[in-house]
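What follows is each chain in one-letter form.
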Amino acid sequence: MQISGSTVLVTGASSGIGAALARRLASDGATVGIVARRQDRLAQVLADCQAASPQSRMWVADLSDVDGAEGVVLEAWDTFGHLDCLVNNAGVPMRRHTTKLDAETLDWVMRVNFTAPARMTMAVLPRMLERGSGMIVNVSSVAGRLGNANEAAYSASKFALCGWSEAIAVDLFDTGVKVRLVNPGPIDTEIWDLPDNDDPLVDVPKVSSEDMADAIVNAMEGDAFETYFPDMKAIIEMKTSDPDTFLQGMADMARAAHR
Ligand SMILES: NC(=O)c1ccc[n+]([C@@H]2O[C@H](COP(=O)([O-])OP(=O)(O)OC[C@H]3O[C@@H](n4cnc5c(N)ncnc54)[C@H](OP(=O)(O)O)[C@@H]3O)[C@@H](O)[C@H]2O)c1
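All residue numbers refer to position in the chain's written sequence, counted from 1. Predicted model: local features are reported for residues with pLDDT of at least 70 only, side-chain atom pairs are reported and counted for 80 or more only, and whole-chain, interface and lining totals are derived from all residues. Side-chain calculation: all heavy atoms of the structure are included, whereas hydrogens and water are not.

1. Overview of the nonpolar core
Proteins that are soluble and globular tend to have nonpolar side chains buried together.
At step 1: Here the nonpolar core consists of buried residues drawn from Ala, Val, Leu, Ile, Met, Phe, Trp, Tyr and Cys, with membership extended through side-chain atoms lying within 4.5 Å. Throughout, exposure labels follow a simple rule: accessible area from a 1.4 Å probe, protein chains only, divided by the maximum for the residue type, with under 20% read as buried, over 50% as exposed, and the rest as partly exposed. Formed by 34 residues in total, the largest nonpolar core has its most connected members in Leu 25, Ile 34, Ile 216 and Met 220.
At step 2: Under the scheme used here, helices are H or I runs from DSSP no shorter than 4 residues and strands are E runs no shorter than 2 residues, and both carry numbers assigned from the N terminus. When contributions to this core are tallied by element, the ones reaching two or more residues are strand E1 (7-11), helix H1 (16-27), strand E2 (31-36), helix H2 (39-52), strand E4 (85-88), strand E5 (134-139) and helix H6 (209-221).
At step 3: Only heavy atoms enter the contact rule, under which two residues are in contact if any of them lie within 4.5 Å. If near-sequence neighbours (up to four positions away) are discounted, Ile 216 is found in contact with Ile 17, Leu 21, Val 137, Val 139 and Val 182.
At step 4: Ranked by size, the runner-up nonpolar core spans 27 residues in total, among them Val 66, Val 72, Ile 136 and Ala 169.

What follows is the structure, encoded as structure tokens:
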């Protein structure tokens, strides 16, 4: 898709990847709608976006309320007249051992990371299909293609988003509505420091939100369904071809981290 002149709704744009993406899209000439819970942080990002793209708007919403999430995307469509693209980027981490998870936490992580993106897509899809064009960008994770130690709930929610993205890409193949799946590796954002999460098991090098935002823009402009950034595809291919060696390696790493 062409970014300049387009209208894009970005969820989770009060910090990290979503904030960097909103700023990049606005500076490239898109009208941007941004969504998150923290009004003050969202307002700062909106001010930056409006400097380049005055029609940009913000919606303060908790997307774990999935009925409300549907309302947000429809209101954004009505406000802008249409949406060329919905970027489902909002997400919560959950670094917690399987034995320490409870039902409420599992349900919350699934609602924010999977059900809200799916419900927002289902809400906006009839309108995109009627126009014969549109794009859904789902920001999943490398943890949506391999089971991460200490992150069962998070990995499950991101696997769900990957599976959903692949299946809807098939269903929508010839419709003019495109689907992009983006799987970030470690990116330097607040997600690593949020409360109610264990410390990460290992300290890994991280790339900037701005570089990640550039990769998402490349995905939106390009033709490929799936993007890994940084490119960790080889690890996924190794896991898929030899899951037993992968599980052994992950378990060894987790044991070493707990020592
Ligand atoms: N950073 C990484 O290493 C990494 C790696 C793989 C995948 N990802 C994915 O990248 C996406 C962006 O994460 P990030 O790294 O940029 O982290 P971040 O800085 O913590 O950003 C997360 C965004 O999601 C929003 N959000 C969280 N819960 C929400 C809710 N219930 N309703 C509405 N908005 C909500 C947050 O805003 P409020 O708190 O203001 O609501 C924030 O804007 C996530 O989907 C994450 O899973 C990140």
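2. Let's talk about the site of the ligand
At step 1: Whether a residue is near a molecule or strand is decided by its heavy atoms; if any one of them lies within 4 Å of it, the residue is near. Near the ligand, the surroundings consist of 31 residues, among which Arg 37, Asn 89, Tyr 154, Ile 187 and Thr 189 are the closest.
At step 2: Here a polar contact means two N or O atoms within 3.5 Å. Within protein one must be a hydrogen donor candidate and the other an acceptor candidate, and residues neighboring in sequence count only if both atoms are side-chain atoms. Ser 15 has a polar side-chain atom sitting 2.8 Å from an oxygen atom of the ligand.
At step 3: Contacts to the ligand include Lys 158, whose side-chain N or O atom sits 2.9 Å from an oxygen atom.
At step 4: Relative to its unbound accessible area of 880 Å², the ligand is 97% covered by the protein chains.
At step 5: Sorting the residues of the shell around the ligand by element identifies H1 and helix H5 (152-171) as the ones contributing at least two each.
At step 6: The class makeup of the residues in the shell around the ligand is 15 nonpolar, 11 polar and 5 charged. Here the accessible surface of atoms and residues is derived via Shrake-Rupley with a 1.4 Å probe, and residues count as covered only by protein chains that are part of the display. Ten residue types, Ala, Val, Leu, Ile, Met, Phe, Trp, Tyr, Cys and Pro, are classed as nonpolar, four, Asp, Glu, Lys and Arg, as charged, and the remainder, Gly among them, as polar.

3. Considering the pairing of strand E3 (residues 57-60)
At step 1: Examined bridge by bridge, E2 and E3 share 4 bridges and lie parallel to one another. Each bridged residue has a counterpart across the sheet, and for Val 35 the counterpart in E3 is Trp 59. Here a strand pair is declared whenever DSSP counts at least two bridges between the two strands.

4. Things to note about the sheet that holds E5
At step 1: Sheet architecture is open: 7 strands sit in the order E3-E2-E1-E4-E5-E6-E7, paired in parallel fashion. Because the sheet does not close on itself, it has two edges, and the strands there are E3 and strand E7 (226-229). Taken over all neighbouring pairs, the strand axes of this sheet differ in orientation by 15 degrees on average, direction set aside.
At step 2: In terms of strand pairing, E5 meets strand E6 (residues 177-184) through 6 bridges, oriented parallel. Considered in E6, the bridge of Val 139 is made with Val 182. As a rule, the C-alpha atoms of each element are fitted with a line to give its axis, helices using only the stretch in contact, and angles between N-to-C directions run from 0 to 180 degrees.

5. Section: helix H4 (residues 103-131)
At step 1: Each helix should span, by expectation, one fewer than its residue count multiplied by 1.5 Å. Taking 1.5 Å of rise per residue, the 29 residues of H4 would be expected to cover 42 Å, and the 40 Å separating its terminal C-alpha atoms lies within 8% of that figure.
At step 2: The backbone nitrogen of Glu 104 has a side-chain oxygen 3.2 Å away, supplied by the residue at the start of H4, namely Asp 102.
At step 3: Among the residues trailing H4, Gly 132 stands out with phi positive, at a value near 80 degrees.

6. Topic: the pattern of salt bridges
At step 1: The salt bridge criterion pairs a side-chain nitrogen of Lys or Arg with a carboxyl oxygen of Asp or Glu, the two atoms within 4 Å. Counted by the stated rule, this structure contains 14 salt bridges.
At step 2: Measuring nitrogen to oxygen at the nearest pair gives 2.5 Å for the salt bridge that ties Glu 190 to Arg 41. Of this pair, Glu 190 sits in the loop between E6 and H6 while Arg 41 sits in helix H2; the two residues are 149 residues apart in sequence, bridging distant segments of the chain.
At step 3: With relative accessibility at 25%, the residue Arg 41 sits in the partly exposed group.

7. Some words on the environment of Asp 62
At step 1: By the element assignment, Asp 62 lies in the loop between E3 and helix H3 (66-80).
At step 2: A sequence separation of 23 residues divides Asp 62 from Cys 85, and the C-alpha atoms of the two residues are 20 Å apart.
At step 3: Polar side-chain contacts of Asp 62 include one of 2.8 Å to the side chain of Ser 64.

8. Brief notes about the packing of aromatic side chains
At step 1: Note on ring pairs: Phe, Tyr and Trp rings are taken, using the six-membered ring of Trp, and paired if centres are within 6.5 Å. Classes follow the plane angle, with under 30 degrees stacked, over 60 edge-to-face and the rest tilted. Following the criterion strictly, the structure yields 2 aromatic pairs and no others.
At step 2: A centroid spacing of 5.8 Å and a plane angle of 80 degrees characterise the contact between Trp 59 and Phe 80, whose relative ring orientation is edge-to-face. Residue Trp 59 is located in strand E3, and its partner Phe 80 is located in helix H3; the two are separated by 21 residues in the primary sequence. Per residue, the accessibility class of Trp 59 equals that of Phe 80, and both read buried.
At step 3: Ring centres 6.1 Å apart and planes at 80 degrees place the aromatic pair Phe 114 and Trp 164 in the edge-to-face group. Placement of Phe 114 in helix H4 and of Trp 164 in helix H5 is noted, with a sequence separation of 50 residues between them.
At step 4: The ring of Trp 59 has Arg 57 lying over it, and the distance from NZ or CZ to the ring centre is 5.1 Å.
At step 5: The residue whose ring lies beneath Lys 206 is Trp 192, and the NZ or CZ to ring-centre distance is 4.6 Å. Comment: the charge-over-ring label is applied if NZ (Lys) or CZ (Arg) is within 6 Å of the ring centre and within 35 degrees of the ring normal.

These figures come from the coordinates and say nothing about function on their own.
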